[in-house]
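Reading the structure
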Amino acid sequence: MACFEIKDLTFHYPAAPGKAALDNINLTINQGEYITVCGKSGSGKTTLLKHFKTVLTPAGQRTGSILLDGVPLEDVDLKTQSSQVGYVMQNPDSQIVTDKVWHELAFGLENLGVDQNIIRLRVAEMASYFGIQNWFHREVSELSGGQKQLLNLAAIMAMHPSVIILDEPTSQLDPIAAADFLNTVRKINLELGTTIIITEHRLEDILHASDRVIVMDKGRVLGVDTPLNIGKVLYENENPMFSAMPAPVQVYYNSPDACRAASEGKCPLTVREGRTWLTKVFEDKEPQQTLPDEPSLDPSAENALEIKDLYFRYTRETPDVLKGTTLAVPKGTVYAVVGGNGTGKSTMLRSICRILTPYRGSVKIFGKKTDKYTSAELFKNNLAMLPQDPQSLFAKTTVAEDLAEMLGPEISARIEKDIETKGFENTELDPEILDVAALCQITDLLKSHPADLSGGEQQRAALAKVLLTNPRLLLLDEPTKGMDSIFKLSFAQILSDLKARGTTIVMVSHDVEFCARYADMVGMFFDGNIIASDTPRRFFSRNSFYTTAANRMGRHIFPDAVTADDLIYLLK
Amino acid sequence: MQEDVFSSYNPITNFIFFMGAIVMTMFFMHPVFALCSLVCALVFYFTLKRTKGFKSLKFSIPLLVILTVINPLFNTQGKHIIFKIFGRPYTIESLLYGLTLALVVVAVFYWFGCFNVVLTSDKFIYLFGRITPSISLILSMIFRLIPDFQRKTTQIYNARASIGMAGDSSSSKKEKIRNGAVILGTLTSWALENGIMAADSMRSRGYGSGRRTSFAIYKFDVRNIILILAFVFFGGLTVVCAAMGGTEAEFTPSLNMAWFGNIWTITGIIVYAVYLILPTLLNVKEAITWHVLRSRI
C-alpha cells in the first residue's frame, strides 16, 4: 500500500520565482519503508520533507499533488495529519515545548483532546519503550542533547504515527548519541512497521538500514535506488554527494576493476562487508603498494601552546574535570584532540581562553603565560576561539556588519551607517573584511542576514569573524558539527590556507574521519588528560575501536591506512 | 536525598496545608503562637533541605534580631522603660511586640521556603492550570524558557569573551553597556528564531487542531482525603480557639494577652502545633515503618 504518493510536484519560493525549489517530483513511498533522502545543502531535501505535512509546508507557488493513503494531503484534517505524520527537526532544543519530560510526552495527545486515562497509558508505554522511565520526572533543561532528541522522537511516537519524517536529526549530537538515536529509529521501523523518511549527513549509520535512497540535486530527484546501487549512480554522475558515502563504498568504486570483481558486483556498505571484500581481493596476492611517509614535523619548532599540569573543577563539591592536563603544540601545526563526550575537551579550550580559571597549572601561549597578557593583548594577534555554536557570535543584521564589529567601533559605525543610507552595493568595505571573506569563501554572503545562512555557511562566517582578530593560535570547538561532507571539504581547504599563513590550529572534535584526514597531530583526551598523542596514521592504526571506518575495514591487510584515500591509493 | 512523604501527596493537598499555615501564621500576632509556627516551619524546612538548609540561618537569624530591636525605636509606647535612646524611651512592651512580629515574618519566610521545595513548577502548573488548559501550557513553556535563556546568555558571553569582545575589568561603563546590548541583541534574534521552530513543532503535533485536554500525573486518592480532613479538623479547631480569644494579645500601651491560664490558648496551641507538624509527622511515621520493616527482614 502506498503511504505517500507525490505526483508532478513543482514548488517555487516567493523570493526566487525563477528557480524551482522542487522540480517535477514523482515519488511513491510504501507503508513500512525506510527511505533515506540525501543531497547537498540547498538541494531541496528539507523543502521536500516539509511538503509531507500541510502545517509545515512553506508558502509559495505549487503545482502537482501529494496523496496520503490515497487522499490529497490538504483534504486530510489536521488531527489526522498530526497523529499520522510525525516530524523530528534538526535542533533538539527548540522542538521541546514544555518543561518536564512527562509533560512533553503527553503534549501531542493533549492537543488531540485525548482522555486523561488513555494519555496515562500511552505515556507510560512510550517511556518504557524508549527507556525514559529513569528520567521521566526530570526537567527538560537537565537532559543531554541525545536524551532531548530521543524525547522528541518518543513524544511523536506517543501519537502512534504511521510515518515519521526526520530532518537531519543527529546533526547536533555526538557520534555515540547519534548512533543510539538512529538505532532506535531502526528499531521502530523494524518492530512497529512505521514508515521512516530521513535525511542525514552520517550515511554510514543508515545506508545499510535503508530500503531505498533518494538522491536530490537542484530540486530534482536525481535517482531513487537501493543502497547497493546508489553509490554507482553518484559515482557515475560525479555527484559531490559521493564524498558523503561510507568509506567502503568510496573505496569500492575508486578501486581498479580487478579488485571490484572480487565482490561479484555487490558494493560493500558496512565495515564488515568491506573487510570481507578486501580479504577476498588479497586471498591469493600480496599487497604491492605502500603508503608514502607522512610529512614529518619540524622537531625544532617552538611551541605555540604549552599547557602544564592543569587542574580544573566546576564547583568545590564536584570531581576534577581537568586532572593535570599537559599538552604542547608546535607552531604551524593542526592539532586535533579527540575523545568521548563530557571528558573535558571543551573545558580545556575554555581554560586556555581564560573563560574558566583552573586552580592549578599554567597555560603558555607563544612562551608567555596567559595571565601575563592583558585581555586586549591576548585576543589581538594571538589567540581566538571559534565556539561550538557559531550563531552566538552574530550580533548584527548583515554578515558584513558583523565582520566590521571586529575592526573597532569607528569602522563598525561607519559601515553600518553607509549600509543604511547608501545601500549595501555602494558601501565601501575595508580590505581586511574582503580578504577574510575571500579566505572563508563567504564573499557572496556578506549582505545576507546571519540567521538566513545554512549551518555550514554560518560556521564559515563565524570563522571569518574570529579570524579578524588575526590570531596566531586558533582554537576550534567541534568545527564540523552539523556540516555535510561537501562543507567539510571547503572547511578543510580554509584550514590548510590558514596553516600556510603560519596559523597554529588546535581543534577538539568527535569527527574521527575529519581529524584523520586533516590534522598533523592527534591526541586522545580521556579522564581529564591527554593520554596519547601522535601523527594521525600512527595514532589511529594503534587503536582498534576509536579509529576511522577505513582503518577498521582494511587494518588486517594495511594496518597503517587510516583514510579512504589511503586505501584507494594502496589498491591501485 | 530521601524523598519527602508530604511531597508525594496531591498538589491540592500541599496547597491547602501551606495556605492554612501561612494565613494562620500571619494572623496570630501572639508570641507563643508565632514561636510555635516558627519551630514547626524550621523542623519541616530542615527535613526537606537537610544540611543545605543551615545556610538560610545566616540570613534569618540577623533578620530576627534586627526586626526585634528596631521596633522599639519607632514605637515608644509601653510602661516598662529599659533605657532612653535619642531622648526616646525604649520599652519592654515594644520590644516584645517587635519579637512577635519578627517571629511571624521569619516563620512565614520559612513556610514559603518549604512551599518552594514541595510545590515544584509542575505541581504549580497543575494547580493553576486547572483554571484553563491554555494557562497550564503557557506556564509550562515559561518554566521551560527561563533555564534556556540563562544557558544561552552564558553561551553568547563566552563566545564573545573567547574572541576578546566581551570586555574585561578595565573596560569603561560605556563599553560594558554596549557589550550588554550586543548580547541582548544576539539573544533576542536567537529567541525569535527558536520561537518559530517551537511554533512549527507545536503545530506539527496538532496544537490548535481542536479542544485540548490537560494531562497531569497526580492522583487524588483516599490518603489525600484523610490528610485534608485532618487539616480541616485541626485548622478549624485552631480558628475556633482564636475566635474565642485564645490568640488575643495587646502589647501597648500595656501588656495584656491570653496566657496559659486561658483554656482557649492552651487548646489552641496544641491543635495549632499538631496542624503545623503533620507533614513532618508523616515523614517520621514513614521512617519508623521502614525501620520496622527492615528489622523484620
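First, a word on what this report is: a plain description of the structure on this page. Not measured: the values here are computed from a predicted model.

1. Examining the overall build of chain B
Counting its regular elements, chain B contains nine helices and four strands. Counting from the amino terminus, helix and strand elements in chain B follow one another as α-α-α-β-β-α-α-α-α-α-β-β-α. Relative to the compact-globule value of 19 Å for 297 residues, chain B shows a C-alpha radius of gyration of 26 Å, a clear excess of over 25%. With respect to the three principal axes, the spread of C-alpha positions in chain B is 70 × 60 × 45 Å. In chain B, the proportion of contacts linking residues at least 24 apart, taken out of those at least 6 apart, comes to 74%. Carbon and sulfur atoms form 71% of the exposed surface of chain B, whose accessible area is close to 15700 Å². With 27 positive and 13 negative side-chain charges, chain B shows a separation of 3 Å between the mean positions of the two kinds.

2. Observations regarding the overall build of chain A
When its secondary structure is counted, chain A shows 22 helices and 20 strands. Computed over the C-alpha atoms, the radius of gyration of chain A is 25 Å, within 12% of the 25 Å expected from 2.2 N^0.38 for a compact globule of 572 residues. Projecting the C-alpha coordinates of chain A onto the three principal axes gives extents of approximately 70 × 70 × 55 Å. Here the analysis covers contacts within chain A between residues at least 6 apart in sequence; of these, 66% occur between residues at least 24 apart. Between the mean site of the 59 positive side-chain charges and the mean site of the 73 negative ones, chain A shows a separation of 4 Å.

3. Section: the nonpolar core
In this structure, Phe130, Leu153, Leu166, Phe181 and Trp277 of chain A are the most contacted members of the largest nonpolar core, which totals 82 residues. One finds Leu403, Ala404, Ile433 and Leu474 of chain A within the second-largest nonpolar core, a separate group that totals 56 residues.

4. Points about the interface of chain A and chain B
Taken together, the contact between chain A and chain B spans 63 residues of the former and 49 residues of the latter. Across the chain A to chain B interface the summed buried area is about 4800 Å²; carbon plus sulfur atoms make up 55%. The tally of links from chain A across to chain B stands at six salt bridges. Here glutamate 104 of chain A and arginine 205 of chain B are joined by a salt bridge, their closest N and O atoms 2.6 Å apart. Across the contact surface, chain A and chain B share 21 residue pairs in polar contact (both at pLDDT 80 or more). Elements supplying a minimum of two residues to the side of chain A that touches chain B: α2 (78-84), β6 (85-88), α3 (101-111), α4 (116-129), α5 (145-157), β16 (383-386) and α17 (455-467) of chain A. Broken down by element, the side of chain A that touches chain B gets its largest block of residues, nine residues, from α3 of chain A. Here the side of chain A that touches chain B is built from residues that sort into 34 nonpolar, 15 polar and 14 charged.

5. Side note on empty space enclosed by the protein
One pass over the full model with this rule turns up one cavity of 30 Å³ or more. Put simply, the largest cavity is a space of about 40 Å³. Forming the walls of the largest cavity are Tyr87, Gln95, Asn152 and Ile156 of chain A together with Ser201 and Arg205 of chain B.

6. Considerations on the environment of leucine 570 of chain A
Residue and element names in this part refer to chain A. Its location among the elements puts leucine 570 in helix α22 (residues 564-571). Considering only alpha carbons, one finds leucine 570 and leucine 109, 461 residues apart in sequence, at a separation of 56 Å. Once residues within four sequence positions are removed from consideration, leucine 570 is found in contact with Gln289, Thr290, Leu291, Phe558 and Ala561.

7. Notes on the pairing of strand β11 (residues 303-312) of chain A
Remember that side chains alternate between the two faces of the sheet whenever the strand is regular. Residue and element names in this part refer to chain A. Bridge count for β11 against strand β12 (residues 322-330) is seven bridges, and the pairing is antiparallel. Across the sheet, the residue bridging to glutamate 306 is alanine 328, located in β12. Here β11 pairs with strand β14 (residues 360-365) via five bridges, running antiparallel. Opposite isoleucine 307, over in β14, you have valine 363 as the bridge partner.

8. What to know about the packing of aromatic side chains
The tally for this structure, following the rule as stated, stands at 44 aromatic pairs over all chains. Here the aromatic rings of phenylalanine 11 of chain A and tyrosine 13 of chain A are separated by 5.0 Å at their centres, their planes lie at 80 degrees, and the arrangement is edge-to-face. Here the aromatic rings of tryptophan 102 of chain A and tyrosine 218 of chain B are separated by 6.5 Å at their centres, their planes lie at 85 degrees, and the arrangement is edge-to-face. Of this pair, tryptophan 102 of chain A sits in helix α3 while tyrosine 218 of chain B sits in the loop between α7 (173-204) and α8 (222-243), on two different chains. Given the relative accessible area of 16%, tyrosine 218 of chain B is considered buried. Members of the aromatic cluster, connected to one another through ring pairs, are Phe6, Tyr9, Phe15, Phe17, Phe18, Phe44, Trp111, Phe112, Phe115, Phe231 and Tyr275 of chain B.

9. Comments concerning the side chain of serine 94 of chain A
As for its position among the elements, serine 94 of chain A is in the loop between β6 and α3. A relative accessible area of 3% means that serine 94 of chain A is categorised as buried. Each residue touching serine 94 of chain A, except ones within four places of it in the same chain, is listed here: Asn194, Met197 and Ala198 of chain B.

10. Regarding the pattern of salt bridges
Residues and elements named next belong to chain A. This model, assessed by the stated rule, comprises 33 salt bridges over all chains. Among the ionic pairs, aspartate 257 bridges to arginine 260, the shortest N-O distance being 2.9 Å. With aspartate 257 and arginine 260 both in helix α10 (residues 257-261) and three residues apart, the pair spans about one turn of that helix. Between aspartate 527 and lysine 323 there is a salt bridge, and its shortest N-O distance comes to 2.8 Å. Taken as a pair, aspartate 527 in the loop between β19 (521-526) and β20 (529-534) and lysine 323 in strand β12 lie far apart in primary sequence, 204 residues in all. For aspartate 527, a relative accessible area of 42% corresponds to the partly exposed category.

11. Things to note about unusual backbone geometry
Phi is positive for aspartate 527 of chain A, which is not a glycine, with a value near 55 degrees. Located in the positive-phi region is arginine 50 of chain B, a residue other than glycine, with phi close to 55 degrees. For arginine 50 of chain B, the location among the structural elements is in the loop between α2 (31-49) and α3 (57-74). According to the relative accessible area criterion, arginine 50 of chain B is partly exposed, its value standing at 38%.

12. Some words on the sheet that holds strand β1 (residues 2-12) of chain A
An order of β2-β1-β4-β5 (chain A) is seen for the four strands of this open sheet, with the pairing classed as antiparallel. Lying at the two open borders of the sheet, with one neighbouring strand each, are β2 (20-30) and β5 (71-72) of chain A.

13. Some details on the environment of phenylalanine 86 of chain B
Examined against the element boundaries, phenylalanine 86 of chain B turns out to sit in the loop between β1 (81-85) and β2 (88-91). When the C-alpha atoms of phenylalanine 86 of chain B and threonine 289 of chain B are compared, they prove to be 60 Å apart, with 203 residues separating the residues in sequence.

14. Here we look at the pairing of strand β9 (residues 212-217) of chain A
Residues and elements named next belong to chain A. Counting buried positions over the six residues of β9 gives five, a clear majority of the element. Pairing of strand β3 (residues 34-38) with β9 involves four bridges; the strand directions are parallel. Across the sheet, threonine 36 pairs through a bridge with valine 213, a residue of β9. Summarising the sheet, β9 and strand β10 (residues 220-225) pair through five bridges and their orientation is antiparallel. Looking at β10, one finds that methionine 216 is bridged to valine 221. Where β9 hands over to β10, the hairpin turn is made up of two residues, of which lysine 218 adopts a positive phi near 50 degrees.

15. What about the sheet that holds strand β17 (residues 473-477) of chain A?
Residues and elements named next belong to chain A. If you trace the six strands from one edge of the open sheet to the other, you get β16-β17-β18-β13-β19-β20, paired in mixed fashion. The outermost strands of the open sheet, each flanked by one partner alone, are β16 and β20. Taken over all neighbouring pairs, the strand axes of this sheet differ in orientation by 20 degrees on average, direction set aside. Strands in contact with α17 are β16 and β17; relative to β16, the strand with the most contacts, it is inclined by about 165 degrees.

16. A short note on the packing of helix α1 (residues 11-27) of chain B against helix α5 (residues 121-128) of chain B
Residue and element names in this part refer to chain B. Between α1 and α5, the least distance of the axes is 9 Å, while the angle of their chain directions is 90 degrees. With respect to each other, α1 and α5 are oriented roughly perpendicular. In contact with Pro11, Ile12, Asn14 and Phe15 of α1, α5 contributes Lys123, Tyr126, Leu127 and Phe128. Grouping the constituent residues of the contact of α1 with α5 by class yields six nonpolar, one polar and one charged.

Cut-off values and rules
Residues numbered from 1 in each chain as written. Chains lettered and ligands numbered in written order. Predicted model: local features only at pLDDT ≥ 70, side-chain atom pairs only at ≥ 80, totals over all residues. Heavy atoms only, no water. Helix = DSSP H or I, 4+ residues; strand = E, 2+ residues; numbered from the N terminus. Rg over C-alpha atoms; globule rule 2.2 N^0.38 Å. Contact = heavy atoms within 4.5 Å. Areas by Shrake-Rupley, 256 points an atom, 1.4 Å probe, with all protein chains shown as cover. Lys, Arg positive; Asp, Glu negative; His and termini not counted. Charge placed at Lys NZ, Arg CZ, Asp CG, Glu CD. Core = buried A, V, L, I, M, F, W, Y, C linked by side-chain atoms within 4.5 Å. Buried < 20%, exposed > 50% of the residue type's maximum accessible area, 1.4 Å probe, protein only. Buried area = accessible area lost by both parts, 1.4 Å probe. Salt bridge = Lys/Arg side-chain N within 4 Å of Asp/Glu carboxyl O. Polar contact = N/O pair within 3.5 Å; in protein donor to acceptor, adjacent residues only side chain to side chain. Nonpolar A, V, L, I, M, F, W, Y, C, P; charged D, E, K, R; others polar. 1 Å grid on protein atoms, 1.4 Å probe; cavity = no way out; pocket = protein on both sides within 12 Å on 5 of 7 lines; lining within 4 Å. Points joined across faces, edges and corners; volume = space filled by probe spheres on them. Pairing = 2+ DSSP bridges. Phe/Tyr/Trp six-rings, centres within 6.5 Å; stacked < 30°, edge-to-face > 60°. Axes fitted to C-alpha atoms, helices over the stretch in contact; angles between N-to-C directions. Parallel < 35°, antiparallel > 145°, perpendicular 65-115°, else oblique.

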